[in-house]
Amino acid sequence: GYADNADGDHFEQTFGDLQMGSFRLQGMLADRIKQFPTGAAGTAFNDPANRDNDARGYVDVSFDHRFPDQTQVLLRGYYDGYSYVGSRDYAAPGFPGPVAAFTRGRATWTGTEGTVTRQIGQEKLTVGGDYEYSLHIRQSAGIVGMPGVFQADDSPWLAAVYADAELHLGSKVLLHLGGRLDEFSTFGKAFSPRVAVVWIPGDRTTIKYIAGRAFRAPNAYAEYYADGVTVAPAPRPLVPERILSNELVVEQRLTPWLSLTADAYQNRLKQLIDQVPAGTGLLTYFVNDD
């Protein structure tokens, strides 16, 4: 069919950045409305009520200073917010007109971070930590004029400590060693190590080996959303996705204006989060599946 005046996008944003010496203040507000005409996910085709509205804002204050003894200190704190409203019209059997449904999400969180970097001769050591607390993550779904279908309000938190060392093993070998330990209120601890060895056999050649392990935590939708209409509660708690990466890089400078790079890598991903059918019907749920 033909969609008439039903596809649109409206975006507004304002941003501010004030810096004075070692202090910095940033802030941002943004709002976006997106109409879509395609009749996605069973919605009424060519209906201008089918739209998404996203809003985001934050304030970030930081102190970043290098002291005379080659020590650099970074301290920051932030307050962040996000809001989403999705509106949908469905042509339901037995109803004289379209049925207006909605999905809402709203989150506000605050956090702090501290990092200290110290240069000791040629070596460099970085240590730090951060903490983030969600004041609330609210999600709801329903039909206009009827009791709510789903509502949830959660307040997760996360904390982390990390360290990184840059070590010179002679004049031609550089070693990076790092690690980060995260703890989430939802699933517990996760450790992410990394190592990089850089060998410089000549003025024009560099060879690097890089290895690391990292994770991606379940997002709030996969973790908490279960309206019983399209998404069912997960049969077991979600755990983070994991990745183990290995990479070998050879860089060769041929002339001052021409260089050649060869890169070989392998990434192994496990416990990927997927949305799968919950038996027959429209219901699905999230699970660590792949």
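Residues numbered from 1 in each chain as written. Predicted model: local features only at pLDDT ≥ 70, side-chain atom pairs only at ≥ 80, totals over all residues. Heavy atoms only, no water.

Trainee: So what about the overall build of the protein chain? Which residues, and what values?
Mentor: Looking only at helices and strands, one finds one helix and 15 strands in the protein chain. Taking 19 Å as the expected radius of gyration for a compact globule of 290 residues, we find that the protein chain reaches 25 Å, considerably beyond that expectation. Overall, the protein chain is about 80 × 45 × 45 Å in size when its C-alpha atoms are taken along their principal axes. Here the protein chain holds 290 residues, and 30% of them are scored as buried. Taking the intrachain contacts of the protein chain between residues at least 6 apart in sequence as the baseline, contacts between residues at least 24 apart amount to 53%. Per element, the accessible surface of the protein chain, about 17,900 Å² overall, is 58% carbon and sulfur. Positive and negative side-chain charges in the protein chain, numbering 26 and 34 respectively, have mean positions lying 6 Å apart. (Helix = DSSP H or I, 4+ residues; strand = E, 2+ residues; numbered from the N terminus. Rg over C-alpha atoms; globule rule 2.2 N^0.38 Å. Buried < 20%, exposed > 50% of the residue type's maximum accessible area, 1.4 Å probe, protein only. Contact = heavy atoms within 4.5 Å. Areas by Shrake-Rupley, 256 points an atom, 1.4 Å probe, with all protein chains shown as cover. Lys, Arg positive; Asp, Glu negative; His and termini not counted. Charge placed at Lys NZ, Arg CZ, Asp CG, Glu CD.)

Trainee: Explain the packing of aromatic side chains residue by residue, including any values.
Mentor: All told, the structure shown has eight aromatic pairs when counted by the stated rule. By the ring-pair criterion, three or more aromatic residues cluster together here, those being Phe150, Tyr221, Tyr225 and Phe286. Sitting over the ring of Phe102, Arg104 keeps its end group 4.2 Å from the ring centre. (Phe/Tyr/Trp six-rings, centres within 6.5 Å; stacked < 30°, edge-to-face > 60°. Lys NZ or Arg CZ within 6 Å of the ring centre and 35° of its normal.)

Trainee: Now, about the pattern of salt bridges: what can you tell me, with residues and values included?
Mentor: Tallying each qualifying case throughout the model produces 14 salt bridges. We note a salt bridge from Arg24 to Asp17, for which the minimum N-O separation is 2.6 Å. A single network of salt bridges, built from pairs that share partners, joins Asp60, Arg76 and Glu113. (Salt bridge = Lys/Arg side-chain N within 4 Å of Asp/Glu carboxyl O.)

Trainee: So, the nonpolar core: which residues are in play, and what are the values?
Mentor: Membership of the largest hydrophobic core is limited to nine residues, which are Ala141, Phe150, Ala152, Ala222, Tyr225, Val231, Leu238, Ile273 and Phe286. Beyond its immediate chain neighbours, meaning those up to four positions away, Phe286 contacts Tyr221, Ala222, Val231, Ala234, Pro235, Leu238, Ile273, Asp274 and Gln275. Formed by five residues, the second largest nonpolar core is a distinct cluster that contains Tyr78, Ala107, Trp109 and Ile137. (Core = buried A, V, L, I, M, F, W, Y, C linked by side-chain atoms within 4.5 Å.)

Trainee: Summarise unusual backbone geometry; cite the residues concerned and give the values.
Mentor: Of note in the backbone geometry, Asn5 takes a positive phi value of approximately 55 degrees without being a glycine. Position of Asn5 among the secondary structure elements: in the segment before strand 1 (8–20). Despite not being glycine, Asn46 has its phi angle at roughly 60 degrees, a positive value. For Asn46, the position within the fold is in the loop between strand 2 (23–35) and strand 3 (51–66).

Trainee: So what's going on with the side chain of Asp47? Residues and values would help.
Mentor: Structurally, Asp47 can be placed in the loop between strand 2 and strand 3. At 8.0 Å, Arg51 is the nearest oppositely charged side chain to Asp47, a buried residue that forms no salt bridge.

Trainee: With reference to specific residues and values, describe the pairing of strand 1.
Mentor: Two strands pair when backbone bridges link them, and strand 1 and strand 2 are joined in this way by 13 bridges, in the antiparallel orientation. Bridged to Gln19 within strand 2 is Arg24. In textbook terms, the turn of a hairpin is the stretch between consecutive antiparallel strands, and for strand 1 and strand 2 this stretch comprises two residues, one of which, Gly21, has a positive phi near 65 degrees. (Pairing = 2+ DSSP bridges.)

Trainee: Quick one: what's the story with the environment of His65, residue by residue and with numbers?
Mentor: Within the secondary structure, His65 sits in strand 3. Through-space distance from the C-alpha of His65 to that of Ala152 is 42 Å; in sequence the pair is 87 residues apart. Excluding anything up to four places from it in sequence, His65 contacts Ser22, Thr71, Gln72 and Val73. A polar atom in the side chain of His65 sits 2.8 Å from the side chain of Ser22. (Polar contact = N/O pair within 3.5 Å; in protein donor to acceptor, adjacent residues only side chain to side chain.)

Trainee: Now, about the side chain of Glu241: what can you tell me, with residues and values included?
Mentor: Tracing the chain through its elements places Glu241 in strand 12 (residues 241–255). The class for Glu241 is buried, based on a relative accessible area of 13%. Of note is the side chain of Glu241, whose polar atom sits 2.7 Å from the backbone nitrogen of Ile273. Aside from chain neighbours lying at most four places away, what touches Glu241 is Ala214, Phe215, Arg216, Lys270, Gln271, Leu272 and Ile273.

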